[in-house]
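Next come the chains, spelled out residue by residue.
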Amino acid sequence: MPYTMEKGVSLLVDNPLTTPQLSAESNLWTLNFGPQHPATHTVIRLVLELDGERVVRCVPIIGYLHSGFEKNAEVLDYNQYMTIVNRMDYLEPIANEMAWVRAVETLFGVDPTPRCKVYRTILGELGRIQSHLLCVGAAALDLGAFTAFLFGFNERERIYDIVEYVSGSRFHTSWSRVGGAMKDVDDKIFVPMVKKFIDDTLPKAIDDIEKLLNRLRIFIDRTQGIGSISTAEALSWSLSGPVARASGVMRDVRKDDPYFCFENNWDGQGAAAVDFKVPLMQTGDVLARYLVRLEEMKQSIAIIRQLIDRIPGGPMNVSPEGKDVLPPKSQVYGSIEGLIQHFEMVMTNRGFTPPAGEVYGCCETANGELGYYVVSDGGKVPWRARTRPPSFIHLSVLPKMIEGHTVSDVVAVLGSLNIIAAELDR
Amino acid sequence: MTIDHPAAVKLKERFGHLHLKVASFRGQTQIEVPGENLTQVVTFLRDDSTLGYDMLCDVTCVDYLNYPGWDKARFGMVYTFNSVAAGQPRLILRVFLGEAQLAIDSLVPLYAGAEWMEREVFDMFGVRFRGHPDLRRILTWDGFKSHPLRKDYPVTGLGERENYPVLDRDSA
């Protein structure tokens, strides 16, 4: 039986509202793109209505990876949920944590230590590079340029090495904790590792990717003028991050609502915010999004360079002697007081509680503004933890972007939006 | 209680008759708006040249069933706005809805980006959006009956997963 649009978007029984209707033109046919398709990267289904090669209409159908993350947040405490937050945008697990801890620390009213802020800033930028490398590489891969993808993936491997050293885990780091981190990091090992990465290997890889793609006729032809979105539309569709900035929306949470080392006086002794430029383009097409991401990686390198030689000493955690955060593992295993404090924190009938209240906290991750709206009733677990997922919001504009383009352009646009289904569906 | 948030000051001037409640926690300002005035207030926020809340950052909902000491309606809508061009601080609007009248004006006519966010709220909480162009479930499947982020829906589910009909080749 041929696949029809009605079947693809059948309505909820008790919903009296509108349903998408098949167009009157009889020569249109319907193509089911996904949910399992190499170019969707993850599970997204697009029902495309085609006039020959042209897309007349696109209805995205999502939710295949919905696993109730937000419901789970209501039974896990603020540190336990870190493990789930990692699994949302899995191209940059470490950067997701930063948004979550920022929201939760705002709720608790905790200001992290300068050392912690520097580490979080550096790791957040490494996360951005990690995500952009894959996005840029995969965008080219979908258009048939395989080599750029490998150049990108080689460097991701090095970031895995760095986060493995920091957290003990290559992928889902779960390194951050409310008020600090799971464990302190040895600067003597971390700094040379990061320096080697940002000074030697990464600039070369970015250079290679640029040489391969930036003047490649096929790549330019496939990306220029494809999936354009104007500044006003980008604002109206709530786009953020590189997608919005490629359309000329001058907004970067790091500048507009600064946090960690992007804020002036972050160390309490008048240190200036890290200096970086926000790349902006006006065309808003696939090529612009690619170029913005490349430039953002270079800016991230500049940010890390400013911080890597001035990591302050001192504690990683807020009040390590107090009762606010988990004690260092050496104390847990080495002293009875440490062990007691550890269990006081992790046992279900004890632990730390925030005041009742509601806050919104966000960070500029690679995909855009990743925010958490955390509601607390004063208990150990959040009453509600809403994620503002950039992937979800970016995918909602996809039908508009690909209208009138060909089927092969769908792949290019999808790659440039960097949709992560785990974050899309949560 | 602070009212030094520029939007709060302006809204109080313009909509004095609504007696908007302004609350502040950790430096973030929330303004409670009656449901029937939402479109009016948001249009003003968006079109006022000094405020210029041109980006609807997020739409979500919170279920306050059995929330300790709760005296408002059960569902609280959360609208987060960013002001990109004018550079004003972030603003959160709250609308509280009871179970009997679980419907509110859609913001899609004002912000195109509200479409999917409102669909998600409908899916997860069952809030109806008046004037929404395409209000279908988005994350759960079409035949799903519950609204899973409501507090009376258990974390383990109601057996939908276990009891879902299994299709074989003959019956499909």
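Residues numbered from 1 in each chain as written. Chains lettered and ligands numbered in written order. Predicted model: local features only at pLDDT ≥ 70, side-chain atom pairs only at ≥ 80, totals over all residues. Heavy atoms only, no water.

K.L.:
So what's going on with empty space enclosed by the protein? Residues and values would help.
P.N.:
Empty pockets left among the atoms are what a rolling probe the size of a water molecule brings to light. All names here are of chain A. Inspection of every chain in the model, using the stated rule, returns five cavities of 30 Å³ or more. Reported here for the largest cavity is a volume of approximately 80 Å³. Met-98, Gly-124, Arg-128, Tyr-259 and Glu-364 are the residues nearest the centre of the largest cavity, which is lined by 13 residues in total. Counting residues per element, the ones that place at least two in the lining of the largest cavity are helix H4 (93–108), helix H5 (114–142) and strand E6 (357–365). Each residue belonging to the lining of the largest cavity can be placed in one class, and the counts come to six nonpolar, three polar and four charged. (1 Å grid on protein atoms, 1.4 Å probe; cavity = no way out; pocket = protein on both sides within 12 Å on 5 of 7 lines; lining within 4 Å. Points joined across faces, edges and corners; volume = space filled by probe spheres on them. Helix = DSSP H or I, 4+ residues; strand = E, 2+ residues; numbered from the N terminus. Nonpolar A, V, L, I, M, F, W, Y, C, P; charged D, E, K, R; others polar.)

K.L.:
Quick one: what's the story with the side chain of A:Gln130, residue by residue and with numbers?
P.N.:
Residues and elements named next belong to chain A. On the secondary structure map, Gln-130 appears in helix H5. Exposure remark for Gln-130: the relative accessible area of 3% places this residue in the buried category. Residue contacts for Gln-130: discarding those within four places in its chain leaves Leu-91, Glu-92, Pro-93, Arg-156, Ile-159 and Tyr-160. (Buried < 20%, exposed > 50% of the residue type's maximum accessible area, 1.4 Å probe, protein only. Contact = heavy atoms within 4.5 Å.)

K.L.:
Tell me about the environment of B:Pro89, and please be specific about residues and values.
P.N.:
All names here are of chain B. Here Pro-89 lies in the loop between strand E4 (75–82) and strand E5 (91–97). The partly exposed category is assigned to Pro-89, whose relative accessible area is 40%. Expressed as a C-alpha distance, the spacing of Pro-89 and Val-9, which sit 80 residues apart in the sequence, is 13 Å. The residues touching Pro-89, leaving out its near neighbours within four places in the chain, are His-5, Pro-6 and Tyr-53.

K.L.:
Residues and numbers for the sheet that holds strand E7 (residues 368–376) of chain A, please.
P.N.:
All names here are of chain A. Within the open sheet, the three strands sit side by side as E6-E7-E8. Their pairing is antiparallel. In this open sheet, the two strands that pair with only one neighbour each are E6 and strand E8 (384–388). Between one strand axis and the next, the sheet turns through 15° on average, direction left out of account. Note that E7 and E8 share five bridges and pair antiparallel. What sits directly across from Tyr-372, in E8, is Thr-387. Lying on the sheet, H4 is in contact with E6, E7 and E8; it crosses E6 at an angle near 150°. (Pairing = 2+ DSSP bridges. Axes fitted to C-alpha atoms, helices over the stretch in contact; angles between N-to-C directions.)

K.L.:
Go over the pairing of strand E2 (residues 45–51) of chain A with me, naming the residues and quoting the values.
P.N.:
All names here are of chain A. Of all seven residues in E2, six are buried; the element is thus mostly enclosed. In this sheet, E2 lies alongside strand E1 (residues 29–33) in antiparallel orientation, the contact comprising five bridges. Across the sheet, Phe-33 pairs through a bridge with Leu-46, a residue of E2. Note that E2 and strand E3 (residues 54–61) share seven bridges and pair antiparallel. By the bridge assignment, Leu-48 is partnered in E3 with Cys-58. Counting the residues in the hairpin turn of E2 and E3 gives two residues, including Gly-52, whose phi is positive at 70°.

K.L.:
Let's hear about the packing of aromatic side chains: which residues, and what values?
P.N.:
Per the stated rule, a full pass over the model turns up 25 aromatic pairs over all chains. An angle of 65° between the planes, with centres 5.7 Å apart, marks the rings of A:Phe262 and A:Phe276 as edge-to-face. Remark: A:Phe276 occurs in the loop between helix H11 (253–256) and helix H12 (286–308) and A:Phe262 occurs in the loop between H11 and H12; sequence separation between them is 14 residues. Taken individually, A:Phe262 and A:Phe276 each receive the classification buried, so the pair is uniform in this respect. Linked through ring pairs, A:Tyr78, A:Tyr81, A:Trp100, A:Phe108 and A:Tyr372 together constitute an aromatic cluster. In this arrangement the basic side chain of B:Arg14 is found over the ring face of B:Phe15, its NZ or CZ atom lying 4.6 Å from the centre. Over the ring of A:Trp383 we find B:Lys151; its NZ or CZ atom is 4.2 Å from the centre of that ring. (Phe/Tyr/Trp six-rings, centres within 6.5 Å; stacked < 30°, edge-to-face > 60°. Lys NZ or Arg CZ within 6 Å of the ring centre and 35° of its normal.)

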